[in-house]
Amino acid sequence: MRGRPCASRCSGWRNSLAIGSLMNARGMMELIVIKVGLDAGVIAPAMFTILLVMAIITTMMRTPMVMGLLDRKRITDALTNH
């Protein structure tokens, strides 16, 4: 595929990055999967710790990333209208 992806064409690169960061920060599902992997013996305790820290950090990064990518007026307007 050449050029920018469809989402970026339709809404601009800042909106696309914001949506992507919101979709990527799915910490709760990741925690469940790595806990099941630990209990099943598929991953080692050290790997569990690494994945746990990664899930926490990426979840915490979500809000500052979105606030930096989108302007505050649009965010507050969207929150007050819903």
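Quick summary incoming for the structure in this document.

Conventions and cut-offs
- Residues numbered from 1 in each chain as written.
- Predicted model: local features only at pLDDT ≥ 70, side-chain atom pairs only at ≥ 80, totals over all residues.
- Heavy atoms only, no water.
- Helix = DSSP H or I, 4+ residues; strand = E, 2+ residues; numbered from the N terminus.
- Buried < 20%, exposed > 50% of the residue type's maximum accessible area, 1.4 Å probe, protein only.
- Areas by Shrake-Rupley, 256 points an atom, 1.4 Å probe, with all protein chains shown as cover.
- Salt bridge = Lys/Arg side-chain N within 4 Å of Asp/Glu carboxyl O.
- Expected span 1.5 Å × (residues − 1).
- Bend = angle between axes of the 7 residues up to and from the residue.
- Patch = residues over 30% accessible without salt bridge, like charges linked within 9 Å, V, L, I, M, F, W, Y side chains within 5 Å.

1. Here we look at the overall build of the protein
- A count of helices and strands for the protein gives 5 helices and 0 strands.
- Helices (α) and strands (β) of the protein occur, in sequence order from the N terminus, as α-α-α-α-α.
- Here the protein holds 82 residues, and the buried ones make up 20% of them.
- Accessible area for the protein stands at about 6400 Å²; split by element, carbon and sulfur atoms hold 71% of it.

2. Comments concerning the pattern of salt bridges
- This model, assessed by the stated rule, comprises 1 salt bridge.
- A salt bridge links Asp-39 to Lys-35, with the shortest nitrogen-to-oxygen separation between them at 3.0 Å. Highlighted residues: Asp-39 and Lys-35, both in helix α3 (residues 27–40), separated by 4 residues, approximately one helical turn.

3. Some remarks on helix α4 (residues 45–69)
- The terminal C-alpha atoms of α4 lie 36 Å apart, and with 25 residues this matches the ideal 36 Å at 1.5 Å per residue to within 8%.
- Arg-62 marks where α4 bends most, by close to 30 degrees; the proline Pro-64 follows one to four residues later.
- Along α4, the residues classified as buried are Phe-48, Ala-55, Val-66 and Leu-69.

4. With respect to a nonpolar patch on the surface
- Nonpolar side chains collect at one region of the surface, where Met-28, Met-29, Ile-32, Val-33 and Val-36 lie side by side and expose about 530 Å² of accessible area between them.
- Structurally, Val-36 is set in helix α3.
- Residue Val-36 is classed as exposed on the basis of its relative accessible area, which comes to 52%.

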